[in-house]
Amino acid sequence: LSPTFQLQARYVYNYREEDAGDPVDGDADNEHGFELRRMKLAFEGNVFSPDTKYQFQWEANRSSGNLILEEAFIKHRLNFAPDMFVKLGQYKDETFHEESTSSKRQLAVDRSLANEVLAGGQTDFIQGVALIWDDGAEGLPLRGEVGYTDGPNSDNTNFTDGGGTPAFGVSDPEWGVYGRAEYLVFGDWEHYEDFSALGN
């Protein structure tokens, strides 16, 4: 059992000039103050053997302070195919790399605008099951994941709910699928887990 805690506090100053040349309707606005952008509590580890791993993670709501479940999943290595894993539960949608990179490992204070434009900002946590192929750090420079879910942004919903954000013009989708394949050109996979360069 490995407990982790993440706290991101910051001071923000925002100046917005809204048609300041118009003396009647023009307005300029200054807003500033402190905020707790993120506060997360997690427990992860393995049970019975190193082949079965789990993670539970909660985040405090920025407005109310209430804890909200973000992740709760189990990942198990298949005995008959040691490079294959099954993941079941609630976890981050793996489609977009920047969105699925942990907020603890981002380079800037938040994800980029490019991530929002390329739809990474439209994905969130999902409930589902995934099949993962990864032969480890010493294996092939290729890994992949495919999954079947309750639909995009289906975190903390019951199975009878329709899902989350509308996709492809369909409101409340009842199911979803995703897939991601990655090829490592050079280096090792550990360097791909964050956006910061090594200190050397």
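Check the entry above for the structure.
Each value, and the rule that gives it
Residues numbered from 1 in each chain as written. Predicted model: local features only at pLDDT ≥ 70, side-chain atom pairs only at ≥ 80, totals over all residues. Heavy atoms only, no water. Patch = residues over 30% accessible without salt bridge, like charges linked within 9 Å, V, L, I, M, F, W, Y side chains within 5 Å. Areas by Shrake-Rupley, 256 points an atom, 1.4 Å probe, with all protein chains shown as cover. Salt bridge = Lys/Arg side-chain N within 4 Å of Asp/Glu carboxyl O. Buried < 20%, exposed > 50% of the residue type's maximum accessible area, 1.4 Å probe, protein only. Pairing = 2+ DSSP bridges. Helix = DSSP H or I, 4+ residues; strand = E, 2+ residues; numbered from the N terminus. Axes fitted to C-alpha atoms, helices over the stretch in contact; angles between N-to-C directions. Polar contact = N/O pair within 3.5 Å; in protein donor to acceptor, adjacent residues only side chain to side chain. Contact = heavy atoms within 4.5 Å. Phe/Tyr/Trp six-rings, centres within 6.5 Å; stacked < 30°, edge-to-face > 60°. Lys NZ or Arg CZ within 6 Å of the ring centre and 35° of its normal.

**What about a nonpolar patch on the surface?**
Then comes step 1: A cluster of nonpolar side chains, namely L88, V129, Y148, W175 and V177, defines an oily patch on the protein surface of about 550 Å² accessible area.
Then comes step 2: Residue classification places V177 among the exposed positions, given a relative accessible area of 59%.

**As for the sheet that holds strand β3 (residues 52-60)**
Then comes step 1: Strand order across the open sheet formed by 8 strands is β1-β2-β3-β4-β5-β6-β7-β8, with antiparallel pairing between neighbours. Looking along the sheet, the strands with just one partner apiece sit at the ends: β1 (2-18) and β8 (176-183). The average angle at which neighbouring strand axes cross in this sheet is 15°, direction not considered.
Then comes step 2: Where strand β4 (residues 67-78) and strand β5 (residues 81-92) come together, 7 bridges link them in antiparallel fashion. Bridge assignment links A72 to a residue of β5, and that residue is Q90.

**Here we look at unusual backbone geometry**
Then comes step 1: Positioned with a positive phi, F48 is a non-glycine residue whose angle comes to about 70°.
Then comes step 2: Checked against the element boundaries, F48 lands in the loop between β2 (27-46) and β3.
Then comes step 3: A relative accessible area of 84% places F48 in the exposed class.
Then comes step 4: The phi torsion at N156 lies on the positive side, around 55°, for a residue other than glycine.
Then comes step 5: Position of N156 relative to the elements: it lies in the loop between β7 (142-149) and β8.
Then comes step 6: Its relative accessible area of 39% is what places N156 among the partly exposed residues.

**Brief notes about the pairing of β2**
Then comes step 1: Pairing geometry for β1 and β2, over 17 bridges, is antiparallel. Its bridge partner lying in β2, Y15 is registered against N30.
Then comes step 2: As consecutive antiparallel partners, β2 and β3 are separated by 5 residues, and within that stretch F48 has a phi angle of approximately 70°, a positive value.

**With respect to the side chain of E70**
Then comes step 1: Examined against the element boundaries, E70 turns out to sit in strand β4.
Then comes step 2: E70 gets classed as buried once you look at its relative accessible area, which sits at 6%.
Then comes step 3: Side-chain polar atoms of E70 contact the side chain of Q57, separated by 2.6 Å.
Then comes step 4: In contact with E70, not counting residues within four places along its chain, are K40, Q57, W58, E59, Q90 and F125.

**Concerning the packing of aromatic side chains**
Both the distance between ring centres and the angle between the ring planes are used here to describe each pair of aromatic rings.
Then comes step 1: Inspection of every chain in the model, using the stated rule, returns 6 aromatic pairs.
Then comes step 2: Between W189 and Y192 the ring centres are 6.0 Å apart and the planes differ by 65°, which places this aromatic pair in the edge-to-face class.
Then comes step 3: For W189, a relative accessible area of 9% translates into the label buried.
Then comes step 4: A relative accessible area of 26% places Y192 in the partly exposed class.
Then comes step 5: Across from the ring centre of F73, 5.6 Å away, lies the NZ or CZ of K87, which sits over that ring.

So yeah, pure geometry; function would need other evidence.
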